Amino acid sequence: MILYTKWRESARGVLVLLMAGTLLAGSTKAFAATPEERPEQHQSLIGHGHRIVLIDAGHGGIDGGTSHGDILEKDLTLAISRKLFMLLRADGFDTILNRFGDYAPSEENLWLRSRSRHMRDLAQRKELAETLPAAVVVSVHINWARSSSKHGPIVLYRQEGRSFMLAKSIQDQLNGLYGVELDSQPGKPFYLLNKITAPTVIVEAGFISSPVDRAMLTSSRGQEKIAEAISEGIATYLMEL
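Calculation rules
Each chain has its residues counted from 1, running along the sequence as written. Side-chain atom pairs in this predicted model are given and counted only at pLDDT of 80 or more, local residue features only at pLDDT of at least 70, and totals for whole chains, interfaces and linings cover all residues. Only hydrogens and water are removed before side-chain values are computed, so all heavy atoms of the structure are retained for them. Numbering of helices and strands runs from the N terminus, with a helix taken as a DSSP run of H or I at least four residues long and a strand as a DSSP run of E at least two residues long. When accessible area is computed with a 1.4 Å probe and restricted to protein chains, residues below 20% of their type maximum are described as buried, those above 50% as exposed, and intermediate ones as partly exposed. Note: two strands are recorded as paired if DSSP finds a minimum of 2 bridges between them. Only C-alpha atoms enter the line fits that serve as axes; for helices the fit covers just the stretch in contact. Angles between N-to-C directions range over 0 to 180 degrees. In these notes the angle categories are as follows: under 35 degrees is roughly parallel, over 145 is roughly antiparallel, 65 to 115 is roughly perpendicular, and the rest is oblique. Any two residues whose heavy atoms approach within 4.5 Å are treated as being in contact. By the convention adopted, Pro, Cys, Tyr, Trp, Phe, Met, Ile, Leu, Val and Ala count as nonpolar, Lys, Arg, Asp and Glu as charged, and the other residues, Gly among them, as polar. Handedness of a helix crossing follows the sense of rotation of the near helix relative to the far helix, less than a right angle counterclockwise being left-handed and clockwise being right-handed. Orienting the strands away from the viewer, one traces the path from the first strand over the helix to the second; a clockwise path indicates a right-handed crossover. Two N or O atoms form a polar contact when they lie within 3.5 Å of each other; inside protein one atom must be a possible hydrogen donor and the other a possible acceptor, and for residues adjacent in sequence the pair counts only when both atoms belong to side chains. What makes a nonpolar core is a set of buried Ala, Val, Leu, Ile, Met, Phe, Trp, Tyr and Cys residues whose side-chain atoms join them at distances within 4.5 Å.

K.L.:
Would you mind going over unusual backbone geometry with me for this structure?
P.N.:
Backbone geometry follows two general trends: most residues other than glycine have a negative phi, and most peptide bonds adopt the trans configuration. Not every positive phi belongs to a glycine, and His59 is a case in point at roughly 65°. Tracing the chain through its elements places His59 in the loop between strand 1 (52-57) and strand 2 (67-68). Taking the relative accessible area as the measure of exposure, His59 reaches 17% and is therefore buried.

Next comes the structure, spelled out in structure tokens:
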């Protein structure tokens with residue numbers, strides 16, 4: 001079982017790592033299904049190799065992210081990420097979700113000596129990815145633009161082959177959902193893309209400023225469709241390795 005001292009004083013951090021440790025040990029009571037319970041096509045790919053998909057639900061707690069009226073990014077990312085987690089788990093993928101409620105990972109970070117809540121938040125997300133260790137990291141976010149006519153999903157990647165392939169796979173699936181032809185883009189300035197070793201992408205699932213996207217982002221069925229598209233993109237990427 002994984003136990004990381006930087007999280008020892010954090011109740012949520014310990015819970016996440018205990019669940020991760022149970023997953024890596026192959027328990028059927030927490031996150032990992034037995035090989036018999038997994039779909040045949042995923043058994044050798046994920047189950048025996050412990051290749052963990054880490055879903056990072058963007059923002060949380062005091063950090064609401066972008067907004068439109070009383071609609072907050074942190075709530076949308078959590079709803080989509082929870083649905084994505086359940087879909088991947090149902091398909092037999094070893095999956096971890098970094099938060100199940102409305103709190104910021106910075107609240108768990110008692111080890112980084114920084115006055116910046118934002119930096120503690122990002123560092124906590126990065127450390128979880130490295131400690132598991134994750135094979136794939138997908139960070140879910142919501143976009144915003146000054147023009148309400150700008151819409152559609154954008155997947156950001158690190159300028160590295162595996163990250164690009166993962167981003168393209170997810171982008172293709174989301175393009176089909178939204179009926180657009182957009183390209184994934186390099187996200188050079190973003191901390192998570194630069195600091196996490198595993199192939200990492202940031203999925204901007206749509207524009208909260210767009211009435212068209214907002215209708216998709218705020219409905220339960222729309223969130224389910226977005227999660228399905230991201231899930232298909234992740235599965236396609238992993239199967240092509």
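K.L.:
I'm lost on the pairing of strand 5 (residues 134-143) in this one. Help?
P.N.:
In summary, the side chains of a regular strand alternate between the two faces of the sheet. Here strand 5 lies mainly inside the structure; nine of its 10 residues are buried. The sheet contact formed by strand 1 and strand 5 spans six bridges and is parallel. Within strand 5, the position partnered with Leu54 by the bridge is Val137. In the sheet, strand 5 pairs with strand 8 (residues 200-207) via six bridges, with the strands oriented parallel. Across the sheet, the residue bridging to Val137 is Thr200, located in strand 8.

K.L.:
Mind showing me how you'd approach the packing of helix 7 (residues 211-218) against helix 8 (residues 220-240) here?
P.N.:
A pair of packed helices is captured by two measures, namely the crossing angle of their axes and the spacing between those axes. Interaxial distance between helix 7 and helix 8 falls to 4 Å at its minimum, and their mutual angle equals 90°. When the axis of helix 7 is compared with that of helix 8, the two are roughly perpendicular. Residue-level contacts link Met216, Leu217 and Thr218 of helix 7 to Ser220, Gly222, Gln223 and Ile226 of helix 8. In the contact of helix 7 with helix 8, the residues fall into three nonpolar, four polar and no charged.

K.L.:
I'm lost on the packing of helix 3 (residues 73-90) against helix 8 in this one. Help?
P.N.:
Packing of helix 3 against helix 8 leaves a shortest axis separation of 8 Å and a crossing angle of 55°. Of the possible angle classes, the one that applies to helix 3 and helix 8 is oblique. By crossing handedness, the relation of helix 3 to helix 8 is classed as right-handed. Two secondary-structure elements touch here, helix 3 through Leu76, Ala79, Ile80, Lys83, Leu84, Leu87 and Leu88 and helix 8 through Ser220, Gln223, Glu224, Ile226, Ala227, Glu228, Ile230, Ser231 and Ile234.

K.L.:
It is not clear to me how the pairing of strand 6 (residues 154-157) should be interpreted in this structure. Could you clarify?
P.N.:
Side chains Ile154 and Leu156 project from strand 6 onto one buried face, and the interleaved Val155 and Tyr157 project onto a second face that is buried too. Relative to strand 8, strand 6 is paired through four bridges, and the arrangement is antiparallel. Within strand 8, the residue paired with Tyr157 across the bridge is Val201. Note that strand 6 and strand 7 (residues 185-186) share two bridges and pair parallel. From the neighbouring strand, Tyr157 faces strand 7, where its bridge partner is Pro186. As a crossover connection, the stretch from strand 6 through helix 5 (residues 161-178) into strand 7 is right-handed.

K.L.:
Teacher, can you tell me more about the environment of Thr218 here?
P.N.:
Its location among the elements puts Thr218 in helix 7. Relative accessible area serves as the criterion here: at 37%, Thr218 is assigned to the partly exposed category. Residues Thr218 and Leu72, 146 residues apart in the sequence, show an inter-C-alpha distance of 10.0 Å. If sequence neighbours within four positions are ignored, Thr218 has contacts with Ile71, Leu76 and Gln223. A distance of 2.7 Å separates a polar side-chain atom of Thr218 from the backbone oxygen of Arg214.

K.L.:
Would you mind going over the nonpolar core with me for this structure?
P.N.:
One recurring pattern in soluble globular proteins: nonpolar side chains tend to sit buried together. Formed by 38 residues in total, the largest nonpolar core has its most connected members in Val138, Ile170, Val201, Ile226, Ile230 and Ile234. Those elements giving two or more residues to this core turn out to be strand 1, helix 3, strand 5, strand 6, helix 5, strand 8, helix 7 and helix 8. The element that contributes the greatest number of residues to this core is helix 8, accounting for eight residues. If sequence neighbours within four positions are ignored, Ile170 has contacts with Val138, Val155, Val201, Val203, Ile230, Gly233 and Ile234. In this structure, Ile52, Leu128, Ala129 and Ala198 belong to the second largest nonpolar core, which totals 11 residues.

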